[in-house]
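Topology and contacts: notes
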Amino acid sequence: MWKQVTMPVLAAVLTLGGTAAADAAGQKSTILKQRAMYEVTTAAGSGDFSEKDGPAMEAAFRMPSGVELASDGTLLIADTKNQQIRRIQGGKVLTLAGNYINKDAENLPVGGLWDGPANEAFFNGPLGISADGLGNYYVADNDNHSIRKIDRNGNVSTIAGSGVFGSQDGAGKEAGFHHPSDVAAAPDGILYVADTLNHLIRKIDRNGKVTTLNAASDRLVEVFPGEAAPAGDFKDGPLQHAKFNEPTSVALDGKGNLYVSDSGNQRIRYIDLKAGTVSTVAGGGAGLQGTAYNPNELYAAGDYINGKAPQAKFDRPAGIALTSEGGLLIADMLNHAVRYLFNGQVYTLAGSMDAERGEADGVAAYALLDRPADVAAGPNGVIYIADSSNHKIRKLAPYQFPEGTAKGGPLKVLYGQKAIGKNANPISVRSRVMIPLRAVTEALGYKVSYGKIGEVLLSKGTSSIELKLGSTQVSVTENGKAKTVTTDAAPFAKNGTTFVPVRFFAEAVHMDVQWNAAYQAVILRDRIVLK
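Residues numbered from 1 in each chain as written. Predicted model: local features only at pLDDT ≥ 70, side-chain atom pairs only at ≥ 80, totals over all residues. Heavy atoms only, no water.

Attention shifts here to the overall build of the chain. Helix and strand counts for the chain come out as five helices and 46 strands. A compact globule built from 531 residues should have a C-alpha radius of gyration of about 24 Å, and the chain, at 26 Å, falls within 12% of that. Reported as C-alpha extents along the three principal axes, the dimensions of the chain are approximately 85 × 50 × 45 Å. Buried positions account for 54% of the 531 residues belonging to the chain. Partitioning the intrachain contacts of the chain with sequence separation of at least 6 by distance along the chain shows that 48% fall at a separation of at least 24. Accessible surface, the chain as shown: approximately 22900 Å² in total, 50% of it carbon and sulfur. Side-chain charges in the chain split into 53 positive and 53 negative, and the spacing between the mean points of these groups amounts to 9 Å. (Helix = DSSP H or I, 4+ residues; strand = E, 2+ residues; numbered from the N terminus. Rg over C-alpha atoms; globule rule 2.2 N^0.38 Å. Buried < 20%, exposed > 50% of the residue type's maximum accessible area, 1.4 Å probe, protein only. Contact = heavy atoms within 4.5 Å. Areas by Shrake-Rupley, 256 points an atom, 1.4 Å probe, with all protein chains shown as cover. Lys, Arg positive; Asp, Glu negative; His and termini not counted. Charge placed at Lys NZ, Arg CZ, Asp CG, Glu CD.)

Spelled out as structure tokens, the structure:
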């Protein structure tokens, strides 16, 4: 008997690719529940390695490496190779602070250290940014070995650091940093700094006095025969004895404690400031307390593994940010992915599971990034990514239904942001979702033709798909190469209409297929959109 598809049937059938819903079972995470529906788009940047203000999609960056969402909704960007702090507001990219006079032999802006009005100030390799909620922004000015401030009136000043690398504590210019990469502003006015090449976490009080929180590394590595170089180290335990290896980012949680992206150790660490302890919360293997290094290696070996946090692996984790639900976003730079630490588990939210680099918008699980350097959490589950080597700001957000789409029945089929007409209503046969072939494939841009009795040919560009009624074997030809895929149910004809299983679109047409119970909708999406 033919029957309309019910929600339980669809929910059971649409488990294509094992996407997020099963992983997130029992978790109180809106982000994880929506993970299968997340999409990557470009929020700003043409991709040109250049400098240009203007409409977001026409603007140009040079290796943007820091993002921060201010309380007023302004997205701040550390445009590192342009020596500027940029902002996105009202759909436009504008320069907030930073200037230069000369360009070097490679035609890149030359940075400097100069305080004053924002349009006259100079930065040198700005990276991490933090907003204090009062309209002030703090910048880890990496190549100036300094922490800078942009106040609400647009004036730039140096909070700490002299422009020359060092590691000494002290007030203002007496303090020394060595390529600080990030800064986090606490509500009480305290600043915390990831002092990367000193392998230290530093604290700056409201008077600009810098103190060091953890132990310095004394590890040496023979980088060339007979030539040793200082390197970071690893140690959990009491904060004053703890050691880091090139900490790259810091983020304050709701308790006022610090997460640290310990890049050289391929770990996420946690500093309980009240207890005065450091622990590893993700990466590196459970219970590891000794060295994490191969002989004469500067860094621990990176890898790419999801799952329980102690067993998870990263490859140069960089910028981190807390979400409103208490999870930690991680820009996993050399895995070219955005990861998520929540409730003792690590997940991938966006980027190739093969650590493939590239530039492609689309469904988050298939989208491609290139050395994402930082992340920022926005409202409604939106995440911004500083996609540094693509010279873009990318946006990771849940799928949005087309305007006017009603919740509840009747059942519907959507292709991206387009509703496919009434002739595309699904039916169910023996717990398998079947969709009218012609109505859907023509909406996808395929030409449909019929051969011998029961044979159907779909063609689009250099691709073709041949199927036969009653057979689960489907022949797919792409760029001259043929292969056979097997669907979970055989196509059939009813009242002159050919029906195919939903899984056909995932396996033969290479689409992402999802079911949304609230909207009673089957959603078909192109996996990637190449640029």
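Moving on from the model shown.
The next subject is the sheet that holds strand β14 (residues 191-195). The strand order across the open sheet built from five strands is β12-β16-β15-β14-β13, with neighbouring strands paired in antiparallel fashion. Unpaired on one side and paired on the other, β12 (170-171) and β13 (180-185) mark the two borders of the sheet. (Pairing = 2+ DSSP bridges.)

Our focus in this paragraph is the UniProt feature "repeat: NHL" (unreviewed entry) in the chain. Mapped onto the present numbering, the UniProt feature "repeat: NHL" (unreviewed entry) falls at residues 123-153 and 232-274. Across residues 123-153, helical content stands at 0% and strand content at 52%; the span's end C-alpha atoms are separated by 18 Å. Taken as a whole, residues 232-274 contains 0% helix and 44% strand, while its terminal C-alpha atoms sit 25 Å from one another. (UniProt positions renumbered as here; feature names shortened; annotations may be inferred.)

All chains considered together, the criterion is met by six aromatic pairs. On the basis of an interplanar angle of 15° and a centroid distance of 3.7 Å, the ring pair of F401 and Y519 is categorised as stacked. Of this pair, F401 sits in the loop between β32 (392-398) and β33 (412-415) while Y519 sits in the loop between β44 (511-516) and β45 (521-526), placing them 118 residues apart in sequence. Taking the relative accessible area as the measure of exposure, F401 reaches 18% and is therefore buried. Y519 sits in the buried class, given a relative accessible area of 17%. The ring of F177 has R202 lying over it, and the distance from NZ or CZ to the ring centre is 5.0 Å. (Phe/Tyr/Trp six-rings, centres within 6.5 Å; stacked < 30°, edge-to-face > 60°. Lys NZ or Arg CZ within 6 Å of the ring centre and 35° of its normal.)

Our focus in this paragraph is the sheet that holds strand β29 (residues 360-363). Spatially, the six strands line up as an open sheet ordered β30-β31-β32-β1-β29-β46, and their pairing is antiparallel. The open sheet has two free edges, formed respectively by β30 (372-377) and β46 (528-530), since each of these has just one partner strand. Adjacent strand axes in the sheet meet at a mean angle of 25° when their direction is disregarded. Here β29 pairs with β46 via three bridges, running antiparallel. Following the sheet pairing, A360 is matched in β46 by L530. (Axes fitted to C-alpha atoms, helices over the stretch in contact; angles between N-to-C directions.)

With that out of the way, let us pick up the environment of F314. Position of F314 relative to the elements: it lies in the loop between β24 (307-308) and β25 (317-322). Excluding anything up to four places from it in sequence, F314 contacts Q266, I268, A282, G283, G302, D303, I330, D332, N335, R339 and V346.

Moving on, we come to the pairing of strand β10 (residues 146-150). In terms of burial, β10 is a largely internal element, four of the five residues being buried. For strand β9 (residues 137-141) and β10, the ladder comprises five bridges, and the chain directions are antiparallel. Residue Y138 lies in a different strand from β10, and its bridge partner there is K149. Linking β9 to β10, which pair antiparallel, is a turn of four residues; within it H145 sits at a positive phi near 55°. Connecting β10 to the next strand, strand β11 (residues 155-160), in antiparallel fashion are four residues, including G154 with a positive phi near 85°.

What follows covers a nonpolar patch on the surface. Taken together, the side chains of Y366, I528 and L530 make up a nonpolar region of the molecular surface, amounting to roughly 280 Å² of accessible area. Position of I528 among the secondary structure elements: in strand β46. (Patch = residues over 30% accessible without salt bridge, like charges linked within 9 Å, V, L, I, M, F, W, Y side chains within 5 Å. Salt bridge = Lys/Arg side-chain N within 4 Å of Asp/Glu carboxyl O.)

The phi dihedral of Q266 falls on the positive side, at around 55°, and the residue is not glycine. By the element assignment, Q266 lies in the loop between β21 (258-262) and β22 (267-272). A positive phi angle, near 50°, is found at Q520, a position not held by glycine. Structurally, Q520 is set in the loop between β44 and β45. Judged by relative accessible area, which is 15%, Q520 ranks as buried.

The subject of this paragraph is the nonpolar core. Formed by 31 residues in total, the largest nonpolar core has its most connected members in V440, I465, F504, F505, V509 and L524. Residue contributions to this core peak at four residues, all from helix α5 (residues 502-507). Those residues within four positions of I465 in sequence are excluded, and the remaining contacts are Y446, V456, L457, L458, V474, S475, V476, F504, A508 and V509. In this structure, A321, V338, V375 and L396 belong to the second largest nonpolar core, which totals 20 residues. (Core = buried A, V, L, I, M, F, W, Y, C linked by side-chain atoms within 4.5 Å.)

Moving on, we get to the pattern of salt bridges. Applying the stated rule across the entire model yields 22 salt bridges. R438 serves as the salt-bridge partner of E442, at 2.8 Å between the closest nitrogen and oxygen. Of this pair, E442 and R438 both sit in helix α4 (residues 437-443), four residues apart, which is roughly one turn of the helix. Ionic pairing is found between D512 and R525, a salt bridge with its closest N-O pair at 2.9 Å.

Turning our eyes to something else, we now look at the side chain of N136. One can find N136 in the loop between β8 (126-131) and β9. One polar contact links N136 to D132, side chain to side chain, over a distance of 2.9 Å. Only 3.1 Å separates the side chain of N136 from the backbone nitrogen of R152, close enough to count as a polar contact. Setting aside anything within four residues of it in sequence, one finds N136 in contact with S130, A131, K149, I150, D151 and R152. (Polar contact = N/O pair within 3.5 Å; in protein donor to acceptor, adjacent residues only side chain to side chain.)

As a further point, take the side chain of D182. Along the chain, the position of D182 falls in strand β13. At 14 Å, R316 is the nearest oppositely charged side chain to D182, a buried residue that forms no salt bridge. Side-chain polar atoms of D182 contact the side chain of S249, separated by 2.7 Å. Within polar-contact distance, the side chain of D182 engages the backbone nitrogen of V250 at 3.1 Å. Apart from the residues lying within four places of it in its own chain, the contact partners of D182 are G128, I129, A140, Y192, V193, A194, T248, S249 and V250.

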